[in-house]
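As a plain string of letters, each chain reads:
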Amino acid sequence: MPSGTLQIKAISAHSGSIPGAGVQREEEVCKYIDVTTCIGCKACEVACVEWNNMPFQETKFENTYQTMPATSWNYWNLIKFNEHQRDDGTLMWLMRKDQCMHCEDPGCLRACPADGAIVQYTNGIVDFQQENCIGCQYCVSGCPFDIPKFNSQTKKVYKCTLCSDRVGQGLEPACIKACPTGCLKFGTKTDMRAIADARARQLREQSGFASAGVYDPPSVNGTHVIYVLHDITKPELYGGLPANPRIPPTLTLWKGVAKPIALFLAMLAAPVAFFHYVMEGPKEPQP
Amino acid sequence: MSTAIDRFDEGARARFAARGRTIVRDDELLRHPVYTRVLHWSVAIFFILALLSGFAIYSPWLFHSLTPLFGGGAMTRLLHPWFSLGFVVLFVLQVLNWLRPMTWTDADRRWVRRVREYVANTEPVEPEYVDFFNGGQKLYFWTIVASAVIFLISGIPMWFPKTFGRPLVDIGYVLHDVAALVMLVGFIVHIYEGTAAQPGTFRSMTRGTVEKRWAWTHHPAWYRRATGRNPRADYEEAVRRRSGRHESGTS
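Calculation criteria
- Residues numbered from 1 in each chain as written.
- Chains lettered and ligands numbered in written order.
- Predicted model: local features only at pLDDT ≥ 70, side-chain atom pairs only at ≥ 80, totals over all residues.
- Helix = DSSP H or I, 4+ residues; strand = E, 2+ residues; numbered from the N terminus.
- Contact = placed C-beta atoms within 7 Å.
- Buried ≥ 20, exposed ≤ 12 C-beta atoms within 10 Å, placed from the backbone.
- Domains from an automatic or database assignment.
- Core = buried A, V, L, I, M, F, W, Y, C linked by C-beta atoms within 7 Å.
- Nonpolar A, V, L, I, M, F, W, Y, C, P; charged D, E, K, R; others polar.
- Pairing = 2+ DSSP bridges.
- Axes fitted to C-alpha atoms, helices over the stretch in contact; angles between N-to-C directions.
- Parallel < 35°, antiparallel > 145°, perpendicular 65-115°, else oblique.
- Left-handed = near helix turned anticlockwise from the far one by under 90°.

**Examining the overall build of chain B**
Counting its secondary structure elements, chain B contains 13 helices and two strands. Sequence separation of 24 or more characterises 59% of the internal contacts of chain B that already satisfy a separation of 6 or more.

Laid out in structure tokens, this is it:
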């Protein structure tokens, strides 16, 4: 029997109620990533590939410690590696574990037109259900972090599941289990946020990183993956982490404005035509 | 350019006319030749396929009822661009076929100015300057042309999002929606005007012919060109004859 820790909270393109919603109260989960103590060992990458049974793949050496150029449909977890020169001229390695951020307000789920292809659990995990995916790739366009990746063979989109299969059984995600430095932690959102805030304070007060902070962007109502960064004012330095991730405004224009107006006018046109007939009658050939 | 289009179009007309048949009775006029009819219904079939498959992806509450028609959600997504491409290709032929009769003229400007009277249905017959197509039909036609172009240029990035990149695809979604709105409202009006609103019109696209009295009622200038007769005079004559028949019938 499943432990009951995966309660569905939101379903893409779903009309009607959500089965089983609110039966159990659930803590929100969170992955904590302390960028400042990451050593770039890639154990999390290996663990991810192994646990999710994805094939190892060849890559090219491009004068960087980064294994792959980007995440892909079968490579959900990637340490983005950047060399950064500080103001005083010294060099610094910035390594950020890039994967799905599991937004509280997921743009992918909002964009998805296929019922049940994307679900959000009450614990905050956003999960793709490939058997319901129709391969339209609207989610790719809705994501502020460019995470969902399309497989042109299966015509489905894939991404990090936050190991919902493990979490549902009371285990931590595979990447967390593999991390040797403890820069990755997993627990409730409240706890992880508290640890992150404490660590950021420590960095500011004791390690000379005056602008250290926690990346938990409010523009998507927070994420279920949070970073501790040396410099919260420049998240872009960490392999293009957006400072203000936003669900594209065109999505709101499309789904929130254009679509209801279109449906309303289209549904109006038919009764208008019908009542025109009733009130004015047909134009018969004369006489 | 236009002569090449004319040659192509006339060739197609001739080939289809040789294959198909239009029976024109004494009291009728040939309105749409075989080629035009085949084109129109081919366009219509692909339009409806694209409309239904597009609607399935468009709205969650249509998703469940419409996707099974095409073999599930993934298949619907796969087929929709091909239906649309079929529509576009055939519609291009339709545009070439109708380029001349659909050209906007002064008569259409006059027609549009009195559209209120047209909708209110106050006049028994149309003004004598209304030719093969009236201003409303031309407006509908060019609206469909414009929205088909928008559909196509916004749909291709949506079809290959990886190639075109996110900003184009994002804008594509919105434009696709706007085009859908315009085309759908136009389509509903088109069906109404072509069936219930004007009895005798639907057969012009099926059998290809219309009654002469239909022609002088709705398109007097075309009636004049097609028959060489005065539409107003023939209409009044018909009215007189009908009332005469009434009198003799009652006496």
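**Section: the overall build of chain A**
Helix and strand counts for chain A come out as seven helices and 11 strands. A total of 287 residues make up chain A; the buried ones form 43% of that total. Within chain A, contacts between residues separated by at least 24 positions form 62% of all contacts whose residues are at least 6 apart in sequence.

**With respect to the domain arrangement of chain A**
Per the domain assignment, the segments making up chain A are domain 1 (8–247) and domain 2 (248–287). If you average the C-alpha positions of domain 1 of chain A and of domain 2 of chain A, the two centres end up 44 Å apart.

**Remarks on the environment of Asn230(B)**
On the secondary structure map, Asn230(B) appears in the loop between helix 12 (220–227) and helix 13 (231–250). Separated by 18 residues in sequence, Asn230(B) and Lys212(B) have C-alpha atoms that sit 12 Å apart.

**Here we look at the nonpolar core**
Cys112(A), Ile118(A), Cys139(A) and Ile226(A) are the most contacted members of the largest nonpolar core, which totals 103 residues. A total of 11 residues in this core trace back to one element, the largest contributor, which is helix 2 (residues 34–58) of chain B. There are two domains that each give this core at least three residues, and those are domain 1 (8–247) and domain 2 (248–287) of chain A. Those residues within four positions of Ile118(A) in sequence are excluded, and the remaining contacts are Ser12(A), Cys108(A), Leu109(A), Cys112(A), Val126(A), Phe128(A) and Cys139(A). Ranked by size, the runner-up nonpolar core spans eight residues in total, among them Leu29(B), Trp214(B), Trp216(B) and Tyr235(B).

**So, the interface of chain A and chain B**
Residue-level contacts link 37 residues of chain A with 44 residues of chain B. Broken down by element, the residue count for the side of chain A that touches chain B peaks at 15 residues, all from helix 7 (residues 249–280) of chain A. Its residues assigned to classes, the side of chain A that touches chain B shows 23 nonpolar, eight polar and six charged.

**Observations regarding the sheet that holds strand 6 (residues 126–128) of chain A**
Residues and elements named next belong to chain A. Taken in spatial order, the three strands line up as 1-5-6 in an open sheet, and their pairing is antiparallel. Of all the strands in the sheet, the pair left with one neighbour each is strand 1 (8–11) and strand 6. In this sheet, neighbouring strand axes are inclined to one another by 30° on average, regardless of whether the strands run parallel or antiparallel. Bridge count for strand 1 against strand 5 (residues 118–121) is three bridges, and the pairing is antiparallel. Bridge pairing in strand 5 links Ile 11 to Val 119.

**Considerations on the environment of Arg25(A)**
As for its placement among the helices and strands, Arg25(A) is situated in the loop between strand 1 and strand 2 (29–34). Put simply, Arg25(A) and Asn123(A) are 98 residues apart on the chain and 9.2 Å apart in space, counted from C-alpha to C-alpha.

**Details of the pairing of strand 5 of chain A**
Residue and element names in this part refer to chain A. Taking every second residue as pointing to the same face, both faces of strand 5 are buried, with Ile 118 and Gln 120 on one and Val 119 and Tyr 121 on the other. As paired strands, strand 5 and strand 6 are joined by three bridges and run antiparallel to one another. Within the sheet, the bridge partner assigned to Gln 120 lies in strand 6 and is Val 126. Count of turn residues in the strand 5/strand 6 antiparallel hairpin: four residues, of which Gly 124 carries a positive phi of about 100°.

**Some thoughts on unusual backbone geometry**
Of note, the bond from Gln286(A) into Pro287(A) is cis; its omega dihedral lies within 30 degrees of zero at -5°. Here Pro287(A) is to be found in the segment after helix 7. In the Ramachandran plot, Asn63(A) falls in the positive-phi region, its phi being about 55° despite a non-glycine side chain. Phi angles above zero are rare outside glycine, and Asn121(B) is one such case at about 65°. Relative to the elements of secondary structure, Asn121(B) occurs in the loop between helix 6 (115–120) and helix 7 (135–159). Take Asn121(B): there are 15 C-beta atoms within 10 Å of it, and that puts it in the partly exposed class.

**A look at the environment of Gly11(B)**
Residue and element names in this part refer to chain B. Tracing the chain through its elements places Gly 11 in helix 1 (residues 2–19). Accessibility expressed as a C-beta count within 10 Å gives 11 for Gly 11, which makes it exposed. In the structure, Gly 11 is positioned 201 residues away from Lys 212 in sequence and 28 Å away in space, judged by C-alpha atoms.

**Remarks on the packing of helix 7 of chain B against helix 9 (residues 166–194) of chain B**
Residue and element names in this part refer to chain B. It is the contact of helix 7 with helix 9, at a shortest axis distance of 8 Å, that shows an interaxial angle of 150°. Classed by the angle they form, the pair helix 7 and helix 9 counts as roughly antiparallel. In this structure, helix 7 crosses over helix 9, and the sense of that crossing is left-handed. In contact with Tyr 140, Thr 143, Ile 144, Ser 147, Ile 150, Phe 151, Ser 154, Gly 155, Pro 157 and Met 158 of helix 7, helix 9 contributes Leu 168, Val 169, Gly 172, Tyr 173, Leu 175, His 176, Ala 179, Val 182, Met 183, Gly 186 and His 190.

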